[in-house]
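# Observations on the three-dimensional arrangement
Listed here are the chains, written in short residue letters.
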Amino acid sequence: MPGEDIISLIASHIESKDKSRLSIGVLSSGNGSNLQALIDFSTTKDSYFKVGSVISNTPGSLALQRAQNHGINYHLVDHRAFNERLAFENKLMSCLLEDDVQLVVLAGFMRVLSPSFLARFKNCVINLHPSLLPKHRGLNAIKQALIAKDERTGSTVHLVDDGLDTGPIIAQSSCPIFSDDDLASVTDRIKQLEHALLPSVVNKIARTVITKGVF
Ligand code: GRF
């Protein structure tokens, strides 16, 4: 299915309470540079979305700090504090519902979400993955591309389904891998791509939701 059709599919599942900006929830386990790119874009006049909630499973993560700096609702939901995944995911769900977000963006969130969580947010969870999917799914995707001696790599935004990085692809950006590259240099190059790619995809989804029925 082409990316534009996936965007329409996602938008068809969402009703925005705020008629001018879609509220999104961002899940990040760490640094949150992509969260920052979303926050920065959301403050521009071109934005059809706002960041309404940030959740991290990592105590002290920069992602939480970034949310706090911008006055965004934020939650630490540490998976290690829960005996089972269901309880952890119930807490994630209650935070997202409390903050009333309509789209969930996984941006460096290092936990796999169960089918029951995804069923609750059916077709409303997207993920950012640092490879040109379907190549190099799962952990250490950039390292996988280096080991495979790929000449190009990049990043993918996809709809999340029950598999590991298997959901329909919404959009991709690519970049070269040079012979003198290492993990750090390729990671930096991919992040530059992602900081434009992710806000652009989220904004397209948000615009489609907000302008639904507007002629
Ligand atoms: C990104 O490269 C994303 O593709 C991957 O995790 C990284 C998160 O980076 N899933 P940051 O925390 O947003 O800086």
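In case you missed it, the structure is sitting above this.
Just so it is clear, the structure is predicted and the values come from calculations on it, not from any experiment. (Residues numbered from 1 in each chain as written. Predicted model: local features only at pLDDT ≥ 70, side-chain atom pairs only at ≥ 80, totals over all residues. Heavy atoms only, no water.)

In this section: the overall build of the protein. Within the protein one finds seven helices and seven strands. In terms of overall size, the protein behaves like a compact globule, its C-alpha atoms giving a radius of gyration of 17 Å where 215 residues would be expected to give roughly 17 Å. Dimensions of the protein along its principal axes, counting C-alpha atoms only, are 50 × 50 × 35 Å. Across the 215 residues of the protein, 49% fall into the buried class. Considering only residue pairs separated by 6 or more positions, the protein has 66% of its internal contacts joining residues 24 or more positions apart. Accessible surface, the protein: about 10,500 Å² in total, of which carbon and sulfur atoms supply 53%. With 22 positive and 22 negative side-chain charges, the protein shows a separation of 2 Å between the mean positions of the two kinds. (Helix = DSSP H or I, 4+ residues; strand = E, 2+ residues; numbered from the N terminus. Rg over C-alpha atoms; globule rule 2.2 N^0.38 Å. Buried < 20%, exposed > 50% of the residue type's maximum accessible area, 1.4 Å probe, protein only. Contact = heavy atoms within 4.5 Å. Areas by Shrake-Rupley, 256 points an atom, 1.4 Å probe, with all protein chains shown as cover. Lys, Arg positive; Asp, Glu negative; His and termini not counted. Charge placed at Lys NZ, Arg CZ, Asp CG, Glu CD.)

Moving on, we get to the site of the ligand. Near the ligand the following residues occur: N31, G32, S33, N34, G108, L128, H129, P130, K191 and E194. In this structure, an oxygen atom belonging to the ligand sits 3.0 Å away from a side-chain N or O atom of N31. The backbone of G32 places a nitrogen or oxygen atom 2.8 Å from an oxygen atom of the ligand. Within the complex, the protein chains bury 86% of what would otherwise be the 370 Å² of accessible surface of the ligand. Residue assignment for the shell around the ligand shows that the elements contributing at least two residues are α2 (33-42), β5 (125-129) and α7 (183-210). The residue makeup of the shell around the ligand, split by class, is two nonpolar, six polar and two charged. (Near = heavy atom within 4 Å. Polar contact = N/O pair within 3.5 Å; in protein donor to acceptor, adjacent residues only side chain to side chain. Nonpolar A, V, L, I, M, F, W, Y, C, P; charged D, E, K, R; others polar.)

The next point concerns the pairing of strand β1 (residues 22-27). Where burial is concerned, most of β1 is hidden: six out of the six residues are buried. Taking every second residue as pointing to the same face, both faces of β1 are buried, with L22, I24 and V26 on one and S23, G25 and L27 on the other. Two elements, β1 and strand β2 (residues 49-56), share six bridges in a ladder whose sense is parallel. Counterpart to S23 in the pairing with β2 is K50. Assessed by its sense of winding, the connection that carries the chain from β1 through α2 to β2 is right-handed. Pairing analysis gives four bridges linking β1 to strand β4 (residues 103-106), with the strands arranged parallel. For I24, the partnering residue across the bridge sits in β4 and is L103. (Pairing = 2+ DSSP bridges. Right-handed = clockwise from strand over helix to strand, strands pointing away.)

Our next topic: the side chain of S155. Its location among the elements puts S155 in strand β6 (residues 152-159). Among the residues examined, S155 registers a relative accessible area of 0% and is labelled buried. Only 2.8 Å separates the side chain of S155 from the side chain of E194, close enough to count as a polar contact. Ignoring sequence-local partners within four residues, the contact set of S155 consists of L128, H129, P130, S131, L132, A171, Q172, S173, I190, E194 and L197.

So, about unusual backbone geometry. In this chain, L133 is followed by P134 through a cis amide linkage whose omega measures 15 degrees. Within the element layout of this structure, P134 appears in the loop between β5 and α6 (141-147). Here the phi dihedral of D100 falls at roughly 60 degrees; this positive angle occurs in a residue that is not glycine. In this structure, D100 sits in the loop between α4 (85-98) and β4. Positive phi outside glycine occurs at N123, with the angle close to 55 degrees. Residue classification places N123 among the buried residues on the basis of a relative accessible area of 18%.

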